[in-house]
Amino acid sequence: MDNRLIFLGTGNALVTRCFNTCFILESEGRRLMVDAGGGNGILRQMEDAGINFDTIHDLYLTHAHTDHVMGAVWVVRKVTSLMSQGKYDGELHIYGHEKVLRVLQTMCEMMLPGKFLKMIGKQVLMVEVTDGEHFEAAGMHLVAFDIHSTKEKQYGFTATLRDGTRVACLGDEPFNAHCRCHVADADWLLSEAFCLYDAREVFKPYEKHHSTALDTGRLAKELNVRHLVMYHTEDKTLATRKKAYSEEAAKEFDGEVFVPDDLEVIFF
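Report follows, based on the coordinates. Since the structure is predicted, the reported quantities are computational estimates derived from the model, not experimental observations. (Residues numbered from 1 in each chain as written. Predicted model: local features only at pLDDT ≥ 70, side-chain atom pairs only at ≥ 80, totals over all residues. Heavy atoms only, no water.)

### Structural notes on a positive patch on the surface
Consideration 1: A cluster of like positive charges, contributed by Arg 77, Lys 78, Lys 87 and Lys 115, occupies part of the molecular surface.
Consideration 2: On the secondary structure map, Lys 78 appears in helix H2 (residues 66-84). (Patch = residues over 30% accessible without salt bridge, like charges linked within 9 Å, V, L, I, M, F, W, Y side chains within 5 Å. Areas by Shrake-Rupley, 256 points an atom, 1.4 Å probe, with all protein chains shown as cover. Salt bridge = Lys/Arg side-chain N within 4 Å of Asp/Glu carboxyl O. Lys, Arg positive; Asp, Glu negative; His and termini not counted. Charge placed at Lys NZ, Arg CZ, Asp CG, Glu CD. Helix = DSSP H or I, 4+ residues; strand = E, 2+ residues; numbered from the N terminus.)

Here it is as structure tokens:
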């Protein structure tokens, strides 16, 4: 198996018992990092995952919420430090829509030392993508799409790997029917699932514009996908999360269901 999903974090914005949702999609040895969590915990997660930053040349940012973009400042800080030491070959490409790149650029300008900041635009390249745009990154063919968020401009993506496998990432909000053409019939669907349906009165997913595991299982069936991965969850039930979320989604979806823990690797 030449493809892997490496989950650096699996929790929602305010978790303390796990890291915020971010992951690496790896195909034939090339890696696409997707989001970076909410702070310098990304450094520890990368270390514990055994992944060196000099192997990361492509980063996709879905949106500008703190739990997705703040860690990207640390990624830039780490990579530019390696560049200054001659320990990083090539360029780091950061993909995202105009707002998330503007937010990251502003934070870097305000927080990074000049010797690192000067590398942005030279070796660290921010690449704006638009709704429906096709582009190549980490040896994969990607299509960015607007998820029509009700809270914050956010782009998901579909990635077609060299072996033809299609991976669809919905970001961290419920599915919008406008995106069906991008994600229907995907081999892998990556979707948020804030909590169990039976716990909806406790965690209030709908008020927060999120889904339950039952909703996500139903969505996977409707979209005719083969494998479902659920993340961006609450962190109060980590000991039972994998089993309980999987069983609830399976009430609606008869394909394979994965509920990864932090640092878990899914091979495919």
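### Side note on helix H8 (residues 238-250)
Consideration 1: Taking 1.5 Å of rise per residue, the 13 residues of H8 would be expected to cover 18 Å, and the 19 Å separating its terminal C-alpha atoms lies within 8% of that figure.
Consideration 2: Of all the bends in H8, the greatest, near 25 degrees, is centred on Ala 244.
Consideration 3: All of the buried residues along H8 are Arg 241, Tyr 245, Ser 246, Glu 248 and Ala 249.
Consideration 4: Next to the buried residues of H8 lie helix H7 (213-223), strand E12 (227-231) and strand E13 (256-258). (Expected span 1.5 Å × (residues − 1). Bend = angle between axes of the 7 residues up to and from the residue. Buried < 20%, exposed > 50% of the residue type's maximum accessible area, 1.4 Å probe, protein only. Contact = heavy atoms within 4.5 Å.)

### Thoughts on H7
Side chains of residues three or four places apart in an α-helix project in the same direction, reflecting 3.6 residues per turn.
Consideration 1: Burial of H7 is extensive: 8 of the 11 residues sit out of reach of the surface.
Consideration 2: Along H7, the positions that sit buried rather than exposed are Ala 213, Leu 214, Asp 215, Thr 216, Gly 217, Leu 219, Ala 220 and Leu 223.
Consideration 3: Looking at the packing, one finds that the buried side of H7 touches helix H5 (180-183), strand E11 (188-192), E12 and H8.

### Observations concerning the pattern of salt bridges
Consideration 1: By the definition in use, this model includes 15 salt bridges.
Consideration 2: One salt bridge in this structure joins Glu 252 and Arg 218, with 3.3 Å as the shortest N-O distance. In this pair, Glu 252 is assigned in the loop between H8 and E13 and Arg 218 in helix H7, connecting sequence segments 34 residues apart.
Consideration 3: With a closest N to O distance of 3.1 Å, Asp 235 and Lys 236 form a salt bridge.
Consideration 4: The network of salt bridges with shared partners includes Arg 4, Glu 26 and Arg 31.

### As for the sheet that holds strand E6 (residues 124-128)
Consideration 1: Spatial ordering of the open sheet is given by E6-E5-E4-E3-E2-E1-E14, a layout of 7 strands whose pairing is mixed. Edge positions in the sheet fall to E6 and strand E14 (265-267), since each has one partner strand and no second. Direction aside, the axes of adjacent strands within the sheet are offset by 20 degrees on average. (Pairing = 2+ DSSP bridges. Axes fitted to C-alpha atoms, helices over the stretch in contact; angles between N-to-C directions.)

### Focus: the sheet that holds strand E9 (residues 155-160)
One key point about sheets: their strands pair by backbone hydrogen bonds, in either a parallel or an antiparallel sense.
Consideration 1: Pairing within the open sheet is mixed, and its 7 strands lie in the order E7-E8-E9-E10-E11-E12-E13. In the strand order of this sheet, the two ends are held by strand E7 (134-137) and E13, each with one partner. Between one strand axis and the next, the sheet turns through 20 degrees on average, direction left out of account.
Consideration 2: Direction of pairing for strand E10 (residues 166-169) relative to E11: parallel, over a ladder of 3 bridges. Looking at E11, one finds that Cys 169 is bridged to Leu 190.

### Examining the pairing of strand E1 (residues 3-9)
Consideration 1: Of all 7 residues that make up E1, 7 are buried, and the element is covered over most of its length.
Consideration 2: Relative to strand E2 (residues 22-27), E1 runs antiparallel, the two sharing 6 bridges. If you follow Asn 3 over to E2, its bridge partner there is Ser 27.
Consideration 3: Where E1 and E14 come together, 3 bridges link them in antiparallel fashion. Pairing of Leu 5 across the sheet is with Ile 266, part of E14.

### Some details on the nonpolar core
Consideration 1: Counting 35 residues, the largest nonpolar core has Met 33, Met 46, Val 75, Leu 92, Ile 94 and Leu 104 as the members making the most contacts within it.
Consideration 2: Of all the secondary structure elements, the ones that give two or more residues to this core are E1, E2, helix H1 (41-49), H2, strand E5 (92-96) and helix H3 (98-111).
Consideration 3: Top element by residues in this core is H2. It accounts for 8 residues.
Consideration 4: Counting residues in hydrophobic clusters, the runner-up holds 27 residues, among them Trp 188, Val 229, Tyr 231 and Phe 268. (Core = buried A, V, L, I, M, F, W, Y, C linked by side-chain atoms within 4.5 Å.)

### Comments concerning the pairing of E12
Consideration 1: Counting buried positions along E12 gives 5 out of 5 residues, so the element sits mostly inside the fold.
Consideration 2: Residues His 227, Val 229 and Tyr 231 point to one face of E12 and Leu 228 and Met 230 to the other, with burial holding for every one of them.
Consideration 3: Here E11 runs beside E12; their pairing, made up of 5 bridges, is parallel. Within E12, the position partnered with Glu 192 by the bridge is Tyr 231.
Consideration 4: Strand direction decides the pairing type here: E12 and E13, joined by 3 bridges, are parallel. Across the sheet, residue His 227 finds its bridge partner in E13, namely Glu 256.

Take it as geometry only, folks, not as evidence of what the structure does.
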